[in-house]
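# Summary of the model geometry
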Amino acid sequence: MKIKKFMKIELKIFLSNLIDIILRKNQDYRRNLVLQMTNNNIFINDGIFTLFLPSENRINYYPRGIAYRISSLAKNYGLGNKIKIEKNDLVINIGANIGELVIWICLRGARVIAIEGDSKTFECLSRNCFGLNSELHNKVLWKTNEKVTFSIDSSNASSTIEETGDCPQNARKESVKAIKLDDLISKTQKYTHQKIKLLIGDCEGSEPELILGAMKILKNIEYISLDCGKERKGKVSSQAEVEKILNRNNFQTIFKQKNKRYILICKNKKFIIKN
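The structure presented is a predicted model; accordingly, all values stated were derived computationally and were not measured. (Residues numbered from 1 in each chain as written. Predicted model: local features only at pLDDT ≥ 70, side-chain atom pairs only at ≥ 80, totals over all residues. Heavy atoms only, no water.)

## Here's the deal with the pairing of strand E1 (residues 34-38)
- In the sheet, E1 pairs with strand E2 (residues 41-45) via five bridges, with the strands oriented antiparallel. Along E2, the bridge assignment pairs methionine 37 with isoleucine 42.
- Where E1 hands over to E2, the hairpin turn is made up of two residues, of which asparagine 39 adopts a positive phi near 50°. (Pairing = 2+ DSSP bridges. Helix = DSSP H or I, 4+ residues; strand = E, 2+ residues; numbered from the N terminus.)

The following block contains the structure:
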């Protein structure tokens, strides 16, 4: 029994080290990033990772390579230090974009429900997350189930709901049926009463409405980490409004960053161990 336990520990250490090697930021300086376009597909490759992109403009997001971008994005949201992701954790990634956070989380052995409203970006998300332990939904999230005007800017990852978001000038607009996160999760019965380790992502200004549409599952969520940048109408941050809603609903703020990203991390008091 001791030998089996020792082997499991060694395997865990090996896998952890392997992931760190794959995502090691310093190696990116020695990788050549190649942009390729075939059959209307745009993708970049650095010798280890391949990522499909909705626009060639997105290559500007990777001046130091794919691995660096993925690692930095995870760090910005507090993953790995403030929020430990472990095997079999369940994570909901809203505004999942092309799946960079999904890749980081799944490499840790967790399961991800990824939601992205922009259909063009969702195609890239589907390709980039193929084979990963993820469930993908092409949906726009809102506080109620109703039609909304969705302003889509695939080139700059700035798609938003017109009512609340600071819409890009050149975005195309579509009338779409939005859905509450509560209802999206309830359609998959296996997740209804399950603990959710983390709700993470970015709604481009509609973060308060996202939370208002997730009031039923809030009690099952341990951590919430949201990018509340200045993307709400009038170029204001949604951070204060989101924090107020979460604090009223048994969440405690554990990290608040006020710069370009305005990251807010809150923890459900239900999961705080008292000494």
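Next comes the rest of the account.
## Focus on the layout of surface pockets
- Put simply, the largest pocket is a space of about 1200 Å³.
- Mapped by element, the contributors of at least two residues to the lining of the largest pocket are helix H2 (66-76), strand E4 (90-94), helix H3 (100-106) and strand E8 (160-161).
- Looking at which element gives the most residues to the lining of the largest pocket, the answer is H2, with five residues.
- Here the residues of the lining of the largest pocket sort into 18 nonpolar, 15 polar and 16 charged. (1 Å grid on protein atoms, 1.4 Å probe; cavity = no way out; pocket = protein on both sides within 12 Å on 5 of 7 lines; lining within 4 Å. Points joined across faces, edges and corners; volume = space filled by probe spheres on them. Nonpolar A, V, L, I, M, F, W, Y, C, P; charged D, E, K, R; others polar.)

## So, the sheet that holds strand E3 (residues 50-53)
- If you trace the three strands from one edge of the open sheet to the other, you get E1-E2-E3, paired in antiparallel fashion. The outermost strands of the open sheet, each flanked by one partner alone, are E1 and E3. Going across the sheet, the axis of each strand differs from the next one's by a mean of 25°, ignoring polarity.
- Its contacts with the sheet place helix H4 (residues 119-128) against E2 and E3, and it is angled at close to 165° to E3. (Axes fitted to C-alpha atoms, helices over the stretch in contact; angles between N-to-C directions. Contact = heavy atoms within 4.5 Å.)

## What to know about the nonpolar core
- Among the nonpolar cores identified, the biggest contains 38 residues, and Leu79, Ile85, Val102, Ile105, Leu198 and Ile200 are the most heavily contacted of them.
- It is H3 that provides the largest number of residues to this core, a total of six residues.
- Beyond its immediate chain neighbours, meaning those up to four positions away, leucine 79 contacts Ala74, Ile85, Leu101, Trp104, Ile105, Leu198 and Ile200.
- Judged by nonpolar contacts, the second largest core, of 29 residues, contains Ile92, Leu210, Ile221 and Ile245. (Core = buried A, V, L, I, M, F, W, Y, C linked by side-chain atoms within 4.5 Å. Buried < 20%, exposed > 50% of the residue type's maximum accessible area, 1.4 Å probe, protein only.)

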